[in-house]
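Listed below, chain by chain, are the residues.
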Amino acid sequence: MRAILHADREWGIGKNNGLMFRIPADMQFFKNTTIGNVVVMGSNTLKSFPGGKPLKDRLNIVLYPDGEDREDCLIVRSLEELFTEIKKHDPEKVFVVGGQMMYKTLLPYCTEVLVTKVDAIGGADAFFENLDENKNFVLSSESAPEVTNGYTIKFTVYKNLNPSKY
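Everything quoted here is computed from the prediction, not taken from an experiment.

Conventions adopted
- Residues numbered from 1 in each chain as written.
- Predicted model: local features only at pLDDT ≥ 70, side-chain atom pairs only at ≥ 80, totals over all residues.
- Heavy atoms only, no water.
- Helix = DSSP H or I, 4+ residues; strand = E, 2+ residues; numbered from the N terminus.
- Rg over C-alpha atoms; globule rule 2.2 N^0.38 Å.
- Buried < 20%, exposed > 50% of the residue type's maximum accessible area, 1.4 Å probe, protein only.
- Contact = heavy atoms within 4.5 Å.
- Areas by Shrake-Rupley, 256 points an atom, 1.4 Å probe, with all protein chains shown as cover.
- Salt bridge = Lys/Arg side-chain N within 4 Å of Asp/Glu carboxyl O.
- Pairing = 2+ DSSP bridges.
- Core = buried A, V, L, I, M, F, W, Y, C linked by side-chain atoms within 4.5 Å.
- Phe/Tyr/Trp six-rings, centres within 6.5 Å; stacked < 30°, edge-to-face > 60°.
- Arc of directions from axis to C-beta.

For the protein chain, the count of helices and strands is four helices and 11 strands. A compact globule built from 166 residues should have a C-alpha radius of gyration of about 15 Å, and the protein chain, at 15 Å, falls within 12% of that. Overall, the C-alpha framework of the protein chain stretches about 40 × 35 × 30 Å when taken along its three principal axes. Counting every position in the protein chain, which comprises 166 residues, the buried fraction comes to 46%. Across the protein chain, contacts joining residues at least 24 apart in sequence account for 62% of those joining residues at least 6 apart. If you sum the accessible surface of the protein chain, you get close to 8,700 Å²; carbon and sulfur atoms cover 50% of it.

As structure tokens, then:
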């Protein structure tokens, strides 16, 4: 399992249950990376999508303990049920996509974290752990900086040196 996100200079990942930045290159990277795969999220992330609808062309698994079953995504009620569902898929094709609590809970199980770093401060109220300060993670690749939509970004990959088993 891997995580995918964008983060500002303070490792902020969101504001008011939404994205801080609209960066087409990041959105395209996210889409290209996750399309045809499995995305795992919490209920607030699902609610933040347009119309509260899941992402198209992906299996959306939503941890939503009190949520109603839906036809358009797979609702799981517990972490145990989530892990049971995730095990049915190739771990390289499973992506945690938010929010803050899901990232925090599932980070130890992720083999990699794909972070689009945005050289800006977005006024976040939701944050991701600073992987540069986490001894279990090492920066394994980093793109050259590029300017897009007024922001300088870098695509980075952090490798988990000791992922937990689920």
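The structure having been displayed, the exposition proceeds.
This part takes up the pattern of salt bridges. Scanning all chains against the criterion turns up eight salt bridges. One salt bridge in this structure joins Arg9 and Asp119, with 2.8 Å as the shortest N-O distance. Of this pair, Arg9 sits in the loop between β1 (2-7) and β2 (12-14) while Asp119 sits in the loop between β7 (112-118) and β8 (126-127), and the two are 110 residues apart along the sequence. Across the pair Lys88 and Glu85 runs a salt bridge, and its minimum N-O distance is 3.0 Å.

Take the environment of Val62 next. Along the polypeptide, Val62 turns up in strand β4 (residues 59-63). Along the sequence, Val62 and Leu74 sit 12 residues apart, while their C-alpha atoms lie 6.1 Å from each other.

In summary, the side chains of a regular strand alternate between the two faces of the sheet. Across the five residues that make up strand β6 (residues 94-98), a large majority, five, are buried. Pairing analysis gives two bridges linking β1 to β6, with the strands arranged parallel. Across the sheet, residue Arg2 finds its bridge partner in β6, namely Phe95. In this structure, strand β3 (residues 38-42) lies alongside β6, joined through four bridges in parallel fashion. Looking at the pairing, Met41 lines up with Gly98 of β6.

With that settled, the discussion passes to the nonpolar core. One finds Met1, Leu5, Val40, Leu106, Val113, Phe128 and Leu131 to be the most contacted residues of the largest nonpolar core, which totals 29 residues. Elements that contribute at least two residues to this core include exactly β1, β3, β4, α3 (79-86), β6, α4 (100-106) and β7. Counting residues in hydrophobic clusters, the runner-up holds 14 residues, among them Leu46, Leu55, Cys73 and Ile75.

All chains considered together, the criterion is met by eight aromatic pairs. For the ring pair Tyr103 and Phe128, a centre distance of 5.1 Å and an interplane angle of 75° mean the geometry is edge-to-face. On the criterion of sequence distance, the pair formed by Tyr103 in helix α4 and Phe128 in the loop between β8 and β9 (137-142) is long-range, its members being 25 residues apart. Here the two residues Tyr103 and Phe128 agree in accessibility, since each one is buried. On the basis of an interplanar angle of 70° and a centroid distance of 6.2 Å, the ring pair of Tyr109 and Tyr166 is categorised as edge-to-face. One end of the pair, Tyr109, is in the loop between α4 and β7; the other, Tyr166, is in the segment after β11 (151-160), with 57 residues separating them in the sequence.

Once that is clear, we can look at α3. Within α3, burial applies to Leu82, Phe83, Glu85 and Ile86. One side of α3 holds all its buried residues, which, seen down the axis, span an arc of 160°. Residues of α3 that are buried in the fold lie against β3, β4, β5 (74-76), β6 and α4.

Another point: the side chain of Thr45. Of note, Thr45 is situated in helix α2 (residues 43-48). Once residues within four sequence positions are removed from consideration, Thr45 is found in contact with Asn17, Val97, Gly98 and Gly99.

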